[in-house]
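# Analysis of the macromolecular model
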Amino acid sequence: MVRRALGFLAIALALVLLLGLGGYKLMNSRTVQIAGELTARVETPEKVVALTFDDGPTPADTERILADLAAEDVRATFFVIGENIEKDPESITRIAAAGHELANHSWSHPRLVLMSSDEIAAEIEKTDAALRASGYAGEIQFRPPYGKKLVGLPRYLAAHDRRTIMWDVAVEDYSSPEVRQSAEDLTRLTVEKVQPGSIILLHPWQGRLDTQAAIGPVIRELKGQGYRFVTVNELLAYES
Ligand SMILES: [Zn+2]
């Protein structure tokens, strides 16, 4: 009897572990979720690519980022944080006026995984409202903070007919503060990974000068390979 009970316990434990691991993988997956549509890249033979910037705006960085994009006549997609819209409305106006796409990256950048559906709704809808209040009229895409989602968030987005926008090219290394990546490293690693329909993710805000310095070279190298830069909404239109 004892042996059977122990056997059962072992199986139960293994199952819990397996489910836990599966859940963890699912939470961080760039390509799989349980409800709604997840887009990490668009399947297309066309050499189109979307450049996306997360977490801004931070006022001191806006000028340089916009100047580098303007110099290359490229439009990017800015997944902004609601709290930052409130703190720096001027940057939002400038980004939109320059023809870039604005998108929703939640209100306070929390891990949405363990939040209630009311909290998830507030994080998303408050940010949409702030973007609309700034005068932005384009379609607003959403990307979860840290790319994390499990059950509540995908279900909320699916119920509201919205996708989860992820990325397939993100080379910045946050594993330790000691890691220093030069603009050259970031450019080379990014360009190596890009394929037709790719979505590039960079974090050029908060004084991240190396990432800022990589924007121009990434654009020039990819243009040299025949790529055209489009916004996320434009990229979605290429989906075959
Ligand atoms: Zn983020």
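Residues numbered from 1 in each chain as written. Predicted model: local features only at pLDDT ≥ 70, side-chain atom pairs only at ≥ 80, totals over all residues. Heavy atoms only, no water.

Along its length, the protein chain carries nine helices and seven strands. If you line up the protein chain on its principal axes, its C-alpha atoms span 75 × 40 × 40 Å. Out of the 240 residues in the protein chain, the part that is buried amounts to 48%. Looking at the protein chain alone, contacts between residues at least 24 apart form 77% of all its contacts between residues at least 6 apart. Per element, the accessible surface of the protein chain, about 12,100 Å² overall, is 57% carbon and sulfur. Of note, the protein chain has its 26 positive side-chain charges centred 7 Å away from the centre of its 33 negative side-chain charges. (Helix = DSSP H or I, 4+ residues; strand = E, 2+ residues; numbered from the N terminus. Buried < 20%, exposed > 50% of the residue type's maximum accessible area, 1.4 Å probe, protein only. Contact = heavy atoms within 4.5 Å. Areas by Shrake-Rupley, 256 points an atom, 1.4 Å probe, with all protein chains shown as cover. Lys, Arg positive; Asp, Glu negative; His and termini not counted. Charge placed at Lys NZ, Arg CZ, Asp CG, Glu CD.)

Below, the discussion takes up the layout of surface pockets. Volume-wise, the largest pocket comes out at about 340 Å³. For the largest pocket, the lining is made up of 19 residues, of which Tyr146, Trp167, Tyr174, Leu201 and His203 are closest to its centre. For the lining of the largest pocket, a count of residues per class yields eight nonpolar, six polar and five charged. Looking at the second largest pocket, the residues that line it are Asp173, Tyr174, Ser176, Pro177, Val179, Arg180, Gln181, Leu186, Arg208, Leu209, Asp210 and Thr211. It is helix H8 (residues 209-224) that provides the largest number of residues to the lining of the second largest pocket, a total of three residues. Its residues assigned to classes, the lining of the second largest pocket shows five nonpolar, three polar and four charged. (1 Å grid on protein atoms, 1.4 Å probe; cavity = no way out; pocket = protein on both sides within 12 Å on 5 of 7 lines; lining within 4 Å. Points joined across faces, edges and corners; volume = space filled by probe spheres on them. Nonpolar A, V, L, I, M, F, W, Y, C, P; charged D, E, K, R; others polar.)

Let's shift gears to the nonpolar core. Core analysis: the biggest nonpolar cluster contains 35 residues, and Leu51, Phe53, Leu69, Phe78, Leu102, Ile200 and Leu222 have the highest contact counts within it. Counting only elements with at least two residues in this core, the list comes to strand E2 (48-54), helix H2 (59-71), strand E3 (77-80), helix H4 (89-97), helix H5 (117-133), helix H7 (183-193), strand E6 (198-202) and H8. If sequence neighbours within four positions are ignored, phenylalanine 53 has contacts with Ile65, Leu69, Ala76, Thr77, Phe78, Phe79, Leu202, Pro204, Trp205 and Ile215. (Core = buried A, V, L, I, M, F, W, Y, C linked by side-chain atoms within 4.5 Å.)

This part takes up the packing of aromatic side chains. A complete count under the given rule lists two aromatic pairs for this structure. Relative to phenylalanine 78, the ring of phenylalanine 53 lies with its centre 5.2 Å away and its plane at 65°, an arrangement referred to as edge-to-face. Here phenylalanine 78 lies in strand E3 and phenylalanine 53 lies in strand E2, a separation of 25 residues in the sequence. Taking 6.0 Å as the distance between ring centres and 55° as the angle between the ring planes, the aromatic pair formed by phenylalanine 78 and tryptophan 205 counts as tilted. Separated by 127 residues along the polypeptide, phenylalanine 78 in strand E3 and tryptophan 205 in the loop between E6 and H8 bring together distant segments of the chain. The two residues phenylalanine 78 and tryptophan 205 agree in class, both being buried. Grouped by ring-pair contacts, the aromatic residues Phe53, Phe78 and Trp205 constitute a single cluster. The ring of tyrosine 146 has arginine 111 lying over it, and the distance from NZ or CZ to the ring centre is 4.1 Å. Over the aromatic face of phenylalanine 79 sits the side chain of arginine 143, whose NZ or CZ is 4.2 Å from the ring centroid. (Phe/Tyr/Trp six-rings, centres within 6.5 Å; stacked < 30°, edge-to-face > 60°. Lys NZ or Arg CZ within 6 Å of the ring centre and 35° of its normal.)

As a packed pair, H2 and H8 sit with axes 9 Å apart at the nearest point and diverge in direction by 10°. Comparing the axis directions of H2 and H8 gives the class roughly parallel. Facing H2, whose interface residues are Asp61, Arg64, Ile65, Asp68 and Leu69, H8 presents Leu209, Gln212, Ala213, Ile215 and Ile219. Considering only residue class, the contact of H2 with H8 consists of six nonpolar, one polar and three charged. (Axes fitted to C-alpha atoms, helices over the stretch in contact; angles between N-to-C directions. Parallel < 35°, antiparallel > 145°, perpendicular 65-115°, else oblique.)

Attention shifts here to the side chain of arginine 143. Mapped onto the fold, arginine 143 is located in the loop between H5 and helix H6 (152-159). Within the structure, arginine 143 has its side chain in polar contact with the backbone oxygen of isoleucine 165 (distance 3.2 Å). When neighbours within four sequence positions are excluded, arginine 143 is seen to be in contact with Thr52, Asp54, Phe79, Asn104, His105, Ile165, Met166, Trp167, Ile199 and Leu201. (Polar contact = N/O pair within 3.5 Å; in protein donor to acceptor, adjacent residues only side chain to side chain.)

Let us now look at the coordination of the zinc ion. Of the protein atoms, only Asp55 (OD), His105 (NE2) and His109 (NE2) coordinate the zinc ion, at distances of 2.0 to 2.1 Å. Written as a sequence motif, the donor arrangement for the zinc ion is D-x49-H-x3-H. Of this pair, aspartate 55 sits in the loop between E2 and H2 while histidine 105 sits in the loop between strand E4 (101-104) and H5, and the two are 50 residues apart along the sequence. Looking at aspartate 55, the relative accessible area reads 12%, which means it is buried. (Donors = N, O, S within 2.8 Å, 3.2 Å for Na, K, Ca; no water.)

Here the focus is the pattern of salt bridges. Under the definition given, this model contains 13 salt bridges. Where aspartate 54 meets arginine 143, a salt bridge forms, and the shortest distance between an N and an O atom there is 2.6 Å. A residue pair is termed long-range when its members are at least 10 positions apart, and aspartate 54 in strand E2 and arginine 143 in the loop between H5 and H6 qualify at 89 residues. In this structure, the salt-bridge partner of glutamate 172 is arginine 208, at a minimum N-O distance of 3.1 Å. Residue glutamate 172 is located in the loop between strand E5 (164-165) and H7, and its partner arginine 208 is located in the loop between E6 and H8; the two are separated by 36 residues in the primary sequence. Overall, glutamate 172 belongs to the buried group, its relative accessible area being 11%. (Salt bridge = Lys/Arg side-chain N within 4 Å of Asp/Glu carboxyl O.)

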